[in-house]
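Breakdown of the fold
Residues per chain, in single letters:
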Amino acid sequence: MRSHRRPRLLAPFLLVPLMAGCFASGGGDDSASGDGNGGDGARLRVALAFPPAENLSPYGADATLLSRLGVTEGLTSLDANGSAAPALAESWRRDGDRIWEFSLRDATFQDGGEVTPAAVAASLTHATDAEPAPAALAGVTLSAEAGGDRIVRITTAEPDPVLPLRLSSPSLAILSKGAYGKSDRVDPVGHATGPFELTEVNGATSAALDRFDDYWGGRAQASGIDARFIADGTARANALRTGELDIAEAVPVAQAASLDEETRRDTATTRTTSLLLNASSGPFKDAGLRAAARGALDTSVFAKDVYEGYGDPGAGVYGPAVTWAEGKRTPPVGRAAAKKPGGDTIDLATYDNRPELPEVAQVVKQQLEKAGFTVKLTVREYSRLEGDALDGKFDAFVLARNTLLDTGDPVAVLSGDYTCDGGFNIAQLCDKGVERAVADAEQIADTAKRQDAAMAAEARIIGSDAVVPLVHQRIITGVADSVQGVVLDPYERALVGTGTRR
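Residues numbered from 1 in each chain as written. Predicted model: local features only at pLDDT ≥ 70, side-chain atom pairs only at ≥ 80, totals over all residues. Heavy atoms only, no water.

**Considerations on the UniProt feature "domain: Solute-binding protein family" (unreviewed entry) in the chain**
The condition that has to hold: UniProt positions are given in the numbering used here, feature names are shortened, and annotations may be inferred rather than shown by experiment. Each helix is a run of DSSP H or I of at least 4 residues and each strand a run of E of at least 2, with the numbering of both proceeding from the N terminus.
Mapped onto the present numbering, the UniProt feature "domain: Solute-binding protein family" (unreviewed entry) falls at residues 85–423. For the annotated span residues 85–423, helix accounts for 22% and strand for 25% of the residues, and the straight-line distance between the end C-alpha atoms is 27 Å.

Shown next as structure tokens:
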């Protein structure tokens, strides 16, 4: 059905260092003017939920780890309103429909080289040549070249009104020439531009980072980071409680109460947990049975019970952290009448990297069985599940999806997840009305009008009943009392900034 699938883990979180001043911090001043200890601030001990899965390639899942640890950054970042903001590029302008010019700031790579237009163009060219292509470039063809002193010219094959947003993706981070060897592997160690430089990586266990003193945004207040990859959420919470950690990301809801109130931070995110129904094969190819499944679900219980209040009831593809969405949301379009289930057996699946998801799936199973479906539940680690999900081997799938993860563009997630050729269309949806609505939205440059068009497309997608939004997540971050300046980002693109310290 689709020819452009690219596997990518949906759960990691991103960091664009410049954004440390754009979002709420975990306490204290977030400036990078000094640490008050002669410039030798203590190292931060950080636990991440997901280990490197692709040898720290910047083009896939590990881009999120690199950016979250302050290693990499791109030409742009996202501000608190979801708009493109300066990062390695100080400013940009559009020259006609297909050409953009980005003016670079004075910056240095961690290996000592200057961030030049030629270096930036070469880095972006490597990203465009990557196989599979980074998610941010799905359906996009671009070329980059030096355009003069401090200028990078980027030309797209088709007009791309959201290119500055697209370039904020961590998968389009700028690396120096040394990152690209003779093999296909890209090595970001010592070749990035962020405030922290990787010095040691111990497989899927841990990593060490030192402060990059020549960072253009000022010296980080912490002297380095000792990162541990701890998949077990209970273990992360316990390590924080016993003083082994300073910061623990993605604390499970079940562990939140075990942390002191001053230690836990909850943040509304752009992540939505949904039930995806296979619209191209199996029982849910029938829109009437999809409608029956949707009608069988009481979505109010997920935020209240499963997420114990650390969530908001599912309203659509975009949740309350996408602040403009609620005022623009329109009723679903094209819903079929529900049919009575005839004992159909449903293969339902989810993954356990996020500990709440198996419980969500159990509740879904119970509610569907009460409505007359027979449900078989499969729970695996995500990397052992994704290929089958993308190939449509399940009838239903519980997925936690950050709707603005890849590009910050609200239309991009609709195109990737719900169109016939979408690279992450687990719902296997191929609907003419949805195709037209998404295609129309993709052509609009004006921000407000693009948002309106995105909501019109959302109404058709929700109306297909191929996706049933269950809950909009709030992420819980564990922060030791001694730590200040943790970045709490609704896009899950930030955690540690130059002002994060203890």
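**With respect to the packing of helix 10 (residues 410–418) against helix 12 (residues 447–463)**
Geometry of a packed helix pair, given as the angle between the helix axes and the separation of the axes. Put simply, the rule reads: Convention adopted: a line fitted to C-alpha atoms gives each axis, helices being fitted over their contacting stretch, and angles between N-to-C directions are expressed from 0 to 180 degrees. Geometric relationships in this document are graded by angle, where less than 35 degrees denotes roughly parallel, more than 145 denotes roughly antiparallel, 65 to 115 denotes roughly perpendicular, and other angles denote oblique. For any helix crossing, the convention is left-handed if the near helix is rotated counterclockwise from the far helix by under a right angle, and right-handed if that rotation is clockwise. In this analysis, two residues are considered to be in contact whenever any of their non-hydrogen atoms come within 4.5 Å of each other.
Axis separation between helix 10 and helix 12 bottoms out at 9 Å; the angle between their running directions is 30°. Comparing their axes, helix 12 and helix 10 come out roughly parallel. Handedness of the helix 10/helix 12 crossing: left-handed. Where helix 10 approaches helix 12, its residues Pro410, Val411, Leu414 and Tyr418 are matched on the opposing element by Arg450, Ala454, Ala457, Glu458 and Ile461.

**Observations concerning the state of the cysteines**
Note the cut-off: Throughout, disulfides are identified as pairs of cysteine sulfur atoms within 2.5 Å of each other. The classification of residues rests on relative accessible area computed with a 1.4 Å probe and restricted to protein chains. Under 20% of the type maximum is buried, over 50% is exposed, and intermediate values are partly exposed.
A full pass over the atoms with the stated rule returns one disulfide. A sulfur-sulfur distance of 1.9 Å marks the disulfide that ties Cys420 to Cys430. Around the S-S axis, the bridge from Cys420 to Cys430 shows a dihedral of about 95° and counts as right-handed. Taken together, the positions of Cys420 in the loop between helix 10 and helix 11 (432–442) and Cys430 in the loop between helix 10 and helix 11 put the pair 10 residues apart, joining distant regions of the chain. The exposure class assigned to Cys420 is buried, which follows from its relative accessible area of 13%. Residue class for Cys430 comes out partly exposed when judged on its relative accessible area of 46%.

**Focus on the domain arrangement of the chain**
Reports of interface size often rely on the accessible area that becomes lost once the parts have come together. Convention followed: An automatic or database domain assignment supplies the start and end points of every domain. When two parts are put together, the accessible area they lose, computed with a 1.4 Å probe and summed over both, is reported as buried area. In the sections that follow, a salt bridge refers to a side-chain nitrogen of Lys or Arg positioned within 4 Å of a carboxyl oxygen of Asp or Glu. Distance and chemistry together define a polar contact, namely a pair of N or O atoms within 3.5 Å, with one atom able to donate a hydrogen and the other to accept it when in protein, and with adjacent residues in sequence counting only for side-chain atoms on both sides. Note that Gly is not counted as nonpolar here; it falls among the polar residues with everything else outside the nonpolar set of Ala, Val, Leu, Ile, Met, Phe, Trp, Tyr, Cys and Pro and the charged set of Asp, Glu, Lys and Arg.
Taken domain by domain, the chain holds domain 1 (44–246) and domain 2 (269–475). Computed over C-alpha atoms, the centres of domain 1 and domain 2 are 29 Å apart. Listed by partner, the interface residues are 12 residues for domain 1 and nine residues for domain 2. In total, about 960 Å² of surface goes out of reach between domain 1 and domain 2, with carbon and sulfur atoms giving 63% of it. Of all residues in domain 1, the largest losses of buried area upon contact with domain 2 belong to Phe50, Pro161 and Val162, amounting jointly to 40% of the total for that side. Across the domain 1-domain 2 interface, the total number found is zero salt bridges. There are zero residue pairs in polar contact (both at pLDDT 80 or more) connecting domain 1 and domain 2. Among the residues forming the side of domain 1 that touches domain 2, the class breakdown is seven nonpolar, three polar and two charged.

**Topic: the packing of aromatic side chains**
Rules: Centres within 6.5 Å make a pair out of two Phe, Tyr or Trp rings, where for Trp the six-membered ring is used; the pair is then stacked when the planes are under 30 degrees apart, edge-to-face when over 60, and tilted otherwise. Charge over a ring is defined by NZ of Lys or CZ of Arg lying within 6 Å of the ring centre and within 35 degrees of the ring normal.
One pass over the full model with this rule turns up seven aromatic pairs. Ring plane angle 55° and centroid distance 5.6 Å describe the contact between Phe284 and Phe373, whose orientation is recorded as tilted. In this pair, Phe284 is assigned in the loop between strand 13 (264–277) and helix 6 (287–296) and Phe373 in the loop between helix 8 (356–370) and strand 16 (374–380), connecting sequence segments 89 residues apart. Assigned by exposure class, Phe284 and Phe373 land together as buried. Measuring from ring centre to ring centre gives 5.7 Å for Tyr318 and Trp324, while their planes differ by 50°; the resulting arrangement is tilted. With a relative accessible area of 0%, Tyr318 lands in the buried category. Chaining the aromatic ring pairs together yields one cluster made of Tyr351, Tyr382, Phe394 and Phe397. Above the ring of Trp216, the side-chain terminus of Arg105 is found at 4.0 Å from the ring centroid.

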